[in-house]
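# Architecture at a glance
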Amino acid sequence: MISDLVLFQVIVLLFLGGAMLGLASRNGRFARPIIFIPPMIGSALAVLFSIDILTGKPLSWIVPNMVPFFNLEVFVDGVSAFFMLMIGIVSFAVSLYSIGYSREYQVTKRISVFGFLFNVFVVSMLLVVSSNNGFFFLVFWELMSLTSFFLVIYDHDKEENIKSGMTYLVMTHFGTAFIFVSFLLGYLQTGSLSFDSLRNSSPSFPFLIKNLMFVFAFVGFGTKAGIVPLHTWLPKAHPSAPSNISALMSAVMIKMGIYGLVRIVFDLAGFGATPDFAWWGMLMVVAGSASALIGVLYAIVERDIKRVLAYSSIENIGIILIGLGLSVIFASYHLASLSALALVASMFHTINHAFFKGLLFMGAGSVVYATHTKDMEKLGGLVRLMPWTSLLFLVGAISISGLPPFNGFVSEWLALQALLSSSQIPSTILQISIAFASLPLALTIGLAAGTFVRLFAMTFLSKARSKFSLNIREVSRNMIAGMAILASACALFGIVPSLGISLSSTAFHLPYQPSSPFDAVSLQNASGKSFANLSMPVVAMMLSGMALAVFGFIRVMSGKTTKTTYGTWDCGFGNLNERMEYTATSLSQPIRAVFKALFKSHNESDKELYVRTNPYLVKSIIFKSSTRNIFEENLYNPIVSSTILVLDKIRKIQTGKINSYLLYIMLTIILLLLFVRLSHA
Amino acid sequence: MPSIPDIAIGIIQVLVIMALAPLMTGIMRKTKARTQKRMGAGLFQPYYDIVKLLHKDEVVSDQSSWIFRISPWVNFVAIGTAAFFIPVFLTPSPFGLVGDLILVVGLFALARFFTMLAGLDVSSTFGGLGSSREMMISALLEPAIFLAIFVVAITYGGTNLSTIVEAAANSALLSHPQLIFAAIAVFVVILGETGRLPFGNHSTHLELTMMHEAMVLEYSGKSLALVEWSQSIKQLVLFTLIANIFVPWGISSSILPLALGIGLLAFVIKVSTLAVGVAFLESSVAKWRLFRLPDLVAIAIASSMIGLVFYYL
Amino acid sequence: MKERSKEILGNHLETRPKDQLVQFSTTVSPSVTTSYEEMGSELKAKITKLFGRSLAIREVDAGSCNGCEIEIAALNNSIYDIERFGIHFVSSPRHADLLLVTGPASRNMEVALRRTYDATPGPKIVVAVGACALDGGIFGNTYATTGGVGNVVPVDVYIPGCPPRPEVLLQGLLLAVNRLQPKQHPKDLKLQANLI
């Protein structure tokens, strides 16, 4: 057997080799396999590696003074392995998918740069979760952010993409700064950036330092994860990036924020099981509920497929955060088993979201690849032209809507059970506020189903809404295979959730192990009776049994009948065309009307008349409806414009004349001399 | 491992629900007819309708895909499976170990997901209209459902329906005042979920006033039979829920034949009374404007919230 | 015009001359010999056999003056209450067993009527209601009408009257159900219609 360490080094080298091969390759026929096969092997090995860690011992590897003053410390424990497993599975599927998908870019751009960035991006994420030193954590974090930034603006011909890339760059560095401060606070206490020393001495930190570390980490990692109101980069960067990169970013990269938060909260910031820390959890629950609800509300009115998915990522990060926050609250009141339940819910949803969001972004990528449009209003009817893509996309849509028997249902079920268990917290204020926090979560789950009905129906069903559908073909086999891997993972984790549940509880050393594959979850109430049980394999069996029974019953009962095909019922009009269909915008109109305070939707209609004096004979009506982004308008725009205003003022000192610069130098020297003199006095 | 008789009675309960479901629709139609001083169709009319539809041909839209074709089946299978988790006339259920109230809500949501897709699949404006409205109402109802579940679950210690119904059957009358508020919420939810007035009108012929009917306007023959039958099963499942959680009188806790008989009788009487009540309500209110419905849902949510605060304080 | 109607109607007109249609279709005359109750129960028995005691009607207004509609609407009121015989009106031809057509089948409604007929799953029955539906009635057979429902879709029963009383409508429905044999296939039905 190869040791874990060698395996780890091999994985890193494979990705680096892939990156080098990428740089060296030309735009030839074999360029794409050459670039994407090394990360495929690397990802597969990463999956094996993390399973090995989860079942065995943690890996610890230190290279002293790799960079002067800093040791490269690698520490892969269960938590890191859990996230590595997630990265491995998703990046395996995405690499496979990319072989076909990047053909698109081979024509217009240099694929070699893409290959280089892709490999570095994936390996930087693997290194982020395995580094055990603040300095290297930040280095890899920055590497991940920068490579993803370059990948976002890879399609740099469109000015829009450059703009969203810049927003992403600014926001991600804003976040990094907060993470840096959080680590710095730890450094000031321990004198070392090593996580080990932080881990050992953080329980004795002053309470204020712990709180500050948490708050800074929350803002920093929250920016990466896309918590409202720090989410503004997410719906811009995800749609701009090539779809395979969006899949990686949304499925895995934003989870690095969750990873960092979990690390800081449960490992590094000296969390203690006292009610003093309950407010950490409450902050997460509140931020999570807000993110979930606002994310899904923006998703349901959006008409760009990829932006819908991006907003839905914000929503799912919200659900993950609610679970995480509940876990912290329970832990701070010594409710260990409930804390485990909430943490399992949160982590299971993390990995589930990685699967279905990766799948959905790849599905969206296939649609864009085939039709060259992201606009739902122009799509439709693809279910006949792209049968496999639509089937796999449907699996993703059902999973993300939290419907049985797929994986999203199980993790949302766990999260709801964790919410229901909040009645055991011995604090009335918390009980009531958590109960009320379930309100936005339930609304989110309802709206999410609507969002994905809308997304699937507008993209794949009914008639095409524009004249593009002549040359559309199903995407290549490796793209379908990439999606199929994640779709089967969704189905597997839905039907046998004990796999995912035991995986998350092993990673976090929780006492929460399903006793058999059939027994997914069983909770008990105070009097020892069953609080709730869920056994998805049996549910799946019952569903299929029911299907067989109904099919047989109808077969026996019904007479000999025929099925004929005829036009859609149009009240006999006979000329139903695609312009009369419901569109994405009209479908969500009731939702827009109900939540109009949030959207501030603006309708505008312009009538052209035959005769100006006669308002009844109308030649044409132009109707425009737009929604506004209140976060952009009320939070970011004032900040950006005031920053620009201040910087404009400051710019005036840059006169360009040598005399004035000499004056600045002289003034500086005088000020410095004065400073030195005064400080010595 | 539950015993064979337990499972058998569980399955019999589902068959009872499936068999009685069209009868409840018949009772409601009859009641509505009587309030209009009409004789109305016989109580068994919904059965005759279903049998007739099973013998009719199908006309399928040329714009439709396999989604449209499987939707009635998914609908029936999801709703039929949900019926397994509801105690009908016997409290201990072996299926309580498999799923709970939230799974029931999830299965209903699965059925609705496919119905909405089918409405949009045929590129008909009516289907889109129905799906659009259903999307809004169902999303708004979700918090009302969950908060009501919240109140019930913390009162009776679980979302496992057997636990809930057993605890309810053993508790004294009105010992949990918060449940009254939850019951109000659940009642509004049932009206919304089954598309009863003031949410929607089952007997409407005008497409513009439709909600659920607009989505199934394209179905014919077998598919329509499945849609209608599963719709009545869903209605009866919801009636059974409200009857057995909030008025668990007469429900049997053992598998003795006499107790089961009394349980079955009590069940039929309870749900029929509820059906008659809902039909009376339908006869006395008009359909609300679509954008007034959120107010009604808000009342349901507020009611559950009051129930929650009642419990905790 | 002829080309257009041919395009719309296919070979329908050629194979089924109008006079034959009228000749062999059953015409109902208002009868006072049987009571409304008796007729109703007879109808119920027939429907029992054929449509499992359930008949769904889709009403199609093919250019009517709405006189017939008023009488048809009366079928639903508490005096006539057609629902007690297991007959109900539905909102889509997909749900219907019987098309109740009124009006002279005006040119503007020709396509719509034809499409409604095709959209109805078999076995299906067509009942033409009112004098106009018979042969154009007061509107006559002009450029604006097709001169009767029978020229557009195969009609099983004609119910004359301007407008027919609800009792007569019910008798017509009875006759319509009488004509159709059990387990008859739509293809056979068309064949039969062509033969007669």
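Residues numbered from 1 in each chain as written. Chains lettered and ligands numbered in written order. Predicted model: local features only at pLDDT ≥ 70, side-chain atom pairs only at ≥ 80, totals over all residues. Heavy atoms only, no water.

## A closer look at the overall build of chain C
Across its full length, chain C carries 9 helices and 6 strands. Relative to its full complement of 196 residues, chain C shows a buried share of 55%. Expressed as a percentage of contacts within chain C between residues at least 6 apart in sequence, the contacts between residues at least 24 apart total 82%. Surface summary for chain C: the accessible area is close to 8500 Å², and the carbon and sulfur share equals 55%. (Helix = DSSP H or I, 4+ residues; strand = E, 2+ residues; numbered from the N terminus. Buried < 20%, exposed > 50% of the residue type's maximum accessible area, 1.4 Å probe, protein only. Contact = heavy atoms within 4.5 Å. Areas by Shrake-Rupley, 256 points an atom, 1.4 Å probe, with all protein chains shown as cover.)

## Some remarks on the overall build of chain B
In terms of regular secondary structure, chain B is built from 11 helices and 1 strand. Reading chain B from its N end, one meets helices and strands in the order α-α-β-α-α-α-α-α-α-α-α-α. Relative to its length of 313 residues, chain B is compact, with a C-alpha radius of gyration of 19 Å against a globular reference of 20 Å. Counting only C-alpha atoms, chain B reaches 55 × 45 × 45 Å along its principal axes. Out of the 313 residues belonging to chain B, those deemed buried represent 68%. Partitioning the contacts of chain B with sequence separation of at least 6, the portion at a separation of at least 24 is 80%. With the model as given, the accessible surface of chain B reaches about 9900 Å², and the carbon-plus-sulfur share is 72%. Within chain B, the 17 negative side-chain charges are centred at a point lying 10 Å from the centre of the 18 positive side-chain charges. (Rg over C-alpha atoms; globule rule 2.2 N^0.38 Å. Lys, Arg positive; Asp, Glu negative; His and termini not counted. Charge placed at Lys NZ, Arg CZ, Asp CG, Glu CD.)

## Considering unusual backbone geometry
Residue A:Pro229 follows A:Val228 across a cis peptide bond; omega there is 5°. For the bond from C:Cys162 to C:Pro163, the omega torsion is -5°, close enough to zero to count as cis. As for its position among the elements, C:Pro163 is in the loop between strand 6 (157-159) and helix 8 (166-179). Backbone geometry places C:Asp81, a non-glycine residue, at a positive phi of 45°. By the secondary structure assignment, C:Asp81 is in the loop between helix 5 (67-74) and strand 3 (87-89).

## Observations concerning the pattern of salt bridges
Taken as a whole and judged by the stated rule, the model has 28 salt bridges over all chains. Across the pair A:Arg303 and A:Asp375 runs a salt bridge, and its minimum N-O distance is 2.6 Å. Residue A:Arg303 is found in the loop between helix 12 (278-301) and helix 13 (305-332), and its partner A:Asp375 is found in the loop between helix 14 (336-371) and helix 15 (382-385); the two are separated by 72 residues along the sequence. Relative accessible area serves as the criterion here: at 37%, A:Arg303 is assigned to the partly exposed category. B:Lys52 is paired through a salt bridge with C:Asp97; the nearest N and O atoms lie 2.7 Å apart. (Salt bridge = Lys/Arg side-chain N within 4 Å of Asp/Glu carboxyl O.)

## Regarding the interface of chain C and chain A
Contact with chain C, which involves 12 residues of that partner, is made by 9 residues of chain A. Of the roughly 890 Å² buried between chain C and chain A, counting both surfaces, carbon and sulfur atoms make up 53%. Linking chain C with chain A are 1 salt bridge. In this structure, the salt-bridge partner of C:Arg115 is A:Asp570, at a minimum N-O distance of 3.1 Å. Summed over the shared surface of chain C and chain A, the number is 3 residue pairs in polar contact (both at pLDDT 80 or more). (Buried area = accessible area lost by both parts, 1.4 Å probe. Polar contact = N/O pair within 3.5 Å; in protein donor to acceptor, adjacent residues only side chain to side chain.)

## Quick word on the interface of chain B and chain A
Of the residues lining the interface, 83 residues belong to chain B; the matching set on chain A comes to 84 residues. If you sort the residues of chain B by the area they bury against chain A, B:Phe113, B:Met135 and B:Tyr312 come out on top, with a joint share of 10%. At the junction of chain B with chain A, the criterion picks out 0 salt bridges. Counting every contact that joins chain B to chain A gives 19 residue pairs in polar contact (both at pLDDT 80 or more). For the side of chain B that touches chain A, the element with the most residues is helix 5 (residues 125-156) of chain B, which contributes 18 residues. Tallied by class, the residues present in the side of chain B that touches chain A amount to 50 nonpolar, 21 polar and 12 charged. Relative to strand 1 (residues 58-61) of chain B, strand 5 (residues 563-566) of chain A is paired through 4 bridges, and the arrangement is parallel. Pairing of A:Thr565 across the sheet is with B:Val60, part of strand 1 of chain B. (Nonpolar A, V, L, I, M, F, W, Y, C, P; charged D, E, K, R; others polar. Pairing = 2+ DSSP bridges.)

## A few points about the nonpolar core
Ranked by size, the top nonpolar core spans 357 residues in total, and within it A:Phe83, A:Met249, A:Met256, B:Phe85 and B:Phe113 carry the most contacts. In terms of residue count, helix 14 of chain A provides more of this core than any other element does, 21 residues in total. Excluding residues within four positions of it along the chain, B:Phe113 makes contact with A:Leu394, A:Ala397, A:Ile398, A:Ser401, A:Leu403, A:Ala449, A:Phe452 and A:Val453. Counting residues in each nonpolar core, the second largest holds 22 residues, with C:Ile82, C:Leu98, C:Val168 and C:Val177 among its members. (Core = buried A, V, L, I, M, F, W, Y, C linked by side-chain atoms within 4.5 Å.)

## Section: the packing of aromatic side chains
Inspection of every chain in the model, using the stated rule, returns 48 aromatic pairs over all chains. On the numbers, 5.3 Å between centres and 85° between planes, the contact of A:Trp141 with A:Phe221 is edge-to-face. Residue A:Trp141 is located in helix 6 (residues 134-152), and its partner A:Phe221 is located in helix 9 (residues 207-225); the two are separated by 80 residues in the primary sequence. Classification of A:Phe221 by relative accessible area gives buried; the value is 1%. A centroid spacing of 5.3 Å and a plane angle of 75° characterise the contact between A:Phe207 and A:Phe277, whose relative ring orientation is edge-to-face. On the criterion of sequence distance, the pair formed by A:Phe207 in helix 9 and A:Phe277 in the loop between helix 11 (243-268) and helix 12 is long-range, its members being 70 residues apart. Joined through ring pairs, the aromatic side chains of A:Phe207, A:Phe214, A:Phe218, A:Phe266, A:Phe271, A:Phe277, A:Trp279 and A:Trp280 make up one cluster. Residue placement shows B:Lys234 over the ring face of B:Phe108; its charged tip is 5.5 Å from the ring centre. (Phe/Tyr/Trp six-rings, centres within 6.5 Å; stacked < 30°, edge-to-face > 60°. Lys NZ or Arg CZ within 6 Å of the ring centre and 35° of its normal.)

## Overview of the packing of helix 3 (residues 78-101) of chain A against helix 14 of chain A
Residue and element names in this part refer to chain A. Interhelical geometry of helix 3 versus helix 14 gives an angle of 10° and a closest axis separation of 10 Å. Here helix 3 is positioned roughly parallel relative to helix 14, judged by the angle of their axes. On helix 14, the residues touching Phe-82, Phe-83, Leu-85, Met-86, Ile-89, Val-90, Ala-93, Val-94, Tyr-97, Gly-100 and Tyr-101 of helix 3 are Met-347, Thr-350, Ile-351, Ala-354, Phe-355, Met-362, Gly-365, Ser-366 and Tyr-369. Of the residues contributing to the contact of helix 3 with helix 14, the split by class is 16 nonpolar, 4 polar and no charged. (Axes fitted to C-alpha atoms, helices over the stretch in contact; angles between N-to-C directions. Parallel < 35°, antiparallel > 145°, perpendicular 65-115°, else oblique.)

## Points about the side chain of A:Ser411
All names here are of chain A. Summarising the element assignment, Ser-411 is placed in helix 17 (residues 407-420). The exposure class of Ser-411 is buried, given its relative accessible area of 1%. Those residues in contact with Ser-411 that sit more than four places away from it in its chain are Ala-345, Phe-348, His-349 and Asn-352.

## Some details on the pairing of strand 2 (residues 55-61) of chain C
Residues and elements named next belong to chain C. Where burial is concerned, most of strand 2 is hidden: 5 out of the 7 residues are buried. Relative to strand 3, strand 2 is paired through 3 bridges, and the arrangement is parallel. Across the sheet, the residue bridging to Leu-55 is Ile-87, located in strand 3. Handedness of the strand 2-helix 5-strand 3 crossover: right-handed. In this sheet, strand 4 (residues 98-102) lies alongside strand 2 in parallel orientation, the contact comprising 5 bridges. Bridge pairing in strand 4 links Arg-58 to Leu-99. (Right-handed = clockwise from strand over helix to strand, strands pointing away.)

## Some details on the packing of helix 6 of chain A against helix 11 of chain A
Residues and elements named next belong to chain A. Close contact between helix 6 and helix 11 brings their axes to 12 Å; oriented N to C, the two are set at 155°. Viewed along their axes, helix 6 and helix 11 adopt a mutual orientation that is roughly antiparallel. In this structure, the crossing between helix 6 and helix 11 has a hand that is left-handed. Across from Phe-137, Trp-141, Met-144, Ser-148, Leu-151 and Val-152 in helix 6, the residues of helix 11 making contact are Ile-245, Met-249, Met-253, Met-256, Gly-257 and Tyr-259. Looking at the contact of helix 6 with helix 11, its residues break down into 10 nonpolar, 2 polar and no charged. (Left-handed = near helix turned anticlockwise from the far one by under 90°.)

## Describing a nonpolar patch on the surface
On the surface, A:Leu663, A:Met666, A:Leu667, A:Ile670, A:Leu671, A:Leu674 and A:Leu678 cluster together into a nonpolar patch covering about 690 Å² of accessible area. Note on placement: A:Leu667 falls in helix 26 (residues 658-680). (Patch = residues over 30% accessible without salt bridge, like charges linked within 9 Å, V, L, I, M, F, W, Y side chains within 5 Å.)

## Thoughts on helix 25 (residues 630-651) of chain A
All names here are of chain A. When the terminal C-alpha atoms of helix 25 are compared, their 30 Å separation across 22 residues agrees well with the 32 Å that a helix rising 1.5 Å per residue should span. The sharpest bend along helix 25 reaches about 40° and sits at Tyr-636, with the proline Pro-638 one to four residues further on. Looking at the packing, one finds that the buried side of helix 25 touches helix 7 (159-190), helix 10 (234-240), helix 12 and helix 24 (596-599). Where helix 25 begins, the side chain of Asn-629 points an oxygen toward the backbone nitrogen of Phe-631, at a separation of 3.1 Å. (Expected span 1.5 Å × (residues − 1). Bend = angle between axes of the 7 residues up to and from the residue.)

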